[in-house]
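Listed here are the chains, written in short residue letters.
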Amino acid sequence: DAGVTQSPTHLIKTRGQHVTLRCSPISGHKSVSWYQQVLGQGPQFIFQYYEKEERGRGNFPDRFSARQFPNYSSELNVNALLLGDSALYLCASSSRGGNEQFFGPGTRLTVL
Amino acid sequence: GQSLEQPSEVTAVEGAIVQINCTYQTSGFYGLSWYQQHDGGAPTFLSYNALDGLEETGRFSSFLSRSDSYGYLLLQELQMKDSASYFCAVRFGGSQGNLIFGKGTKLSVKP
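Scope of this entry: the structure provided in the associated data block. (Residues numbered from 1 in each chain as written. Chains lettered and ligands numbered in written order. Predicted model: local features only at pLDDT ≥ 70, side-chain atom pairs only at ≥ 80, totals over all residues. Heavy atoms only, no water.)

1. What about the overall build of chain B?
- Counting its regular elements, chain B contains 0 helices and 11 strands.
- Ordering the α and β elements of chain B from the N terminus gives β-β-β-β-β-β-β-β-β-β-β.
- For 111 residues, the compact-globule estimate of 2.2 N^0.38 gives 13 Å, and the C-alpha radius of gyration of chain B, at 13 Å, lies within 12% of that figure.
- Dimensions of chain B, computed from C-alpha atoms along their principal axes, come out at roughly 40 × 30 × 20 Å.
- Buried positions account for 50% of the 111 residues belonging to chain B.
- Summarising the internal contacts of chain B: among those between residues at least 6 apart in sequence, 56% fall at separations of at least 24.
- Working note: accessible area of chain B is about 5200 Å², and carbon and sulfur atoms make up 47% of it.
- Seen as two clouds, the 7 positive and the 10 negative side-chain charges of chain B have centres 6 Å apart. (Helix = DSSP H or I, 4+ residues; strand = E, 2+ residues; numbered from the N terminus. Rg over C-alpha atoms; globule rule 2.2 N^0.38 Å. Buried < 20%, exposed > 50% of the residue type's maximum accessible area, 1.4 Å probe, protein only. Contact = heavy atoms within 4.5 Å. Areas by Shrake-Rupley, 256 points an atom, 1.4 Å probe, with all protein chains shown as cover. Lys, Arg positive; Asp, Glu negative; His and termini not counted. Charge placed at Lys NZ, Arg CZ, Asp CG, Glu CD.)

See the structure below:
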């Protein structure tokens, strides 16, 4: 079975631009969470979606938004990119009632 | 505020036992998880404790004391492949997708 997939794997943008990151959860998983991981730090929670509804939001500015589609895949959008947005963006999926989150390989975003 | 504290680095030799501690202060608490992340890789799940006590999974064990807001990960019979970063994470919402991670402990296993 395929694990969590994310695209693209790497991305280079300039300040002020917009970016869309994509995630496909493990088949059967209806929950998707997004995390930002800066080098040398732990992942920081951005959003969680379950059954296409936002179920949690971390301490991130409104420039960050997300949505979940009927097939449970998800997009993370970041507007007006700043240098500080450079990070690894991780997507994780989980099954209902499960305690484990399955992480994708991440998208490495570099903002110049 | 919400915070998790764990040591930044630990070094041990092959075959040894190492304990990685984690203390937490969060506004909500549903359980404590541990994740392993190798350089360049994604975090992978190791364990989850919702109740006080010890959970054992092979060479790894995890402990939780909710009254002390404290937990630890115990790694036994260390192998070189255990060299990685280890993160404790608190599930702070009713849904398991809401995790607050610590900054991570980099474990180096020496021959």
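2. Considerations on the interface of chain B and chain A
- Between chain B and chain A, the residue contacts involve 18 residues of the former and 23 residues of the latter.
- Summed over both partners, the interface of chain B with chain A buries about 1500 Å², with 51% contributed by carbon and sulfur atoms.
- Counting every contact that joins chain B to chain A gives 0 salt bridges.
- Our enumeration of links across chain B and chain A arrives at 2 residue pairs in polar contact (both at pLDDT 80 or more).
- A class-by-class count of the residues in the side of chain B that touches chain A yields 9 nonpolar, 7 polar and 2 charged. (Buried area = accessible area lost by both parts, 1.4 Å probe. Salt bridge = Lys/Arg side-chain N within 4 Å of Asp/Glu carboxyl O. Polar contact = N/O pair within 3.5 Å; in protein donor to acceptor, adjacent residues only side chain to side chain. Nonpolar A, V, L, I, M, F, W, Y, C, P; charged D, E, K, R; others polar.)

3. What about the sheet that holds strand β6 (residues 53-57) of chain B?
All names here are of chain B.
- In spatial order, the strands read β1-β3-β8-β7-β6; together these 5 strands make up an open sheet with antiparallel pairing. For this open sheet the edge positions go to β1 (3-5) and β6, each flanked by a neighbour on one side alone. Taking the axes of each pair of neighbouring strands and ignoring which way they run, one obtains an average angle of 20° across the sheet.
- Sheet analysis places β1 next to strand β3 (residues 18-25), joined by 3 bridges and oriented antiparallel. In the strand pairing of β3, Ser3 is matched with Gln25. (Pairing = 2+ DSSP bridges. Axes fitted to C-alpha atoms, helices over the stretch in contact; angles between N-to-C directions.)

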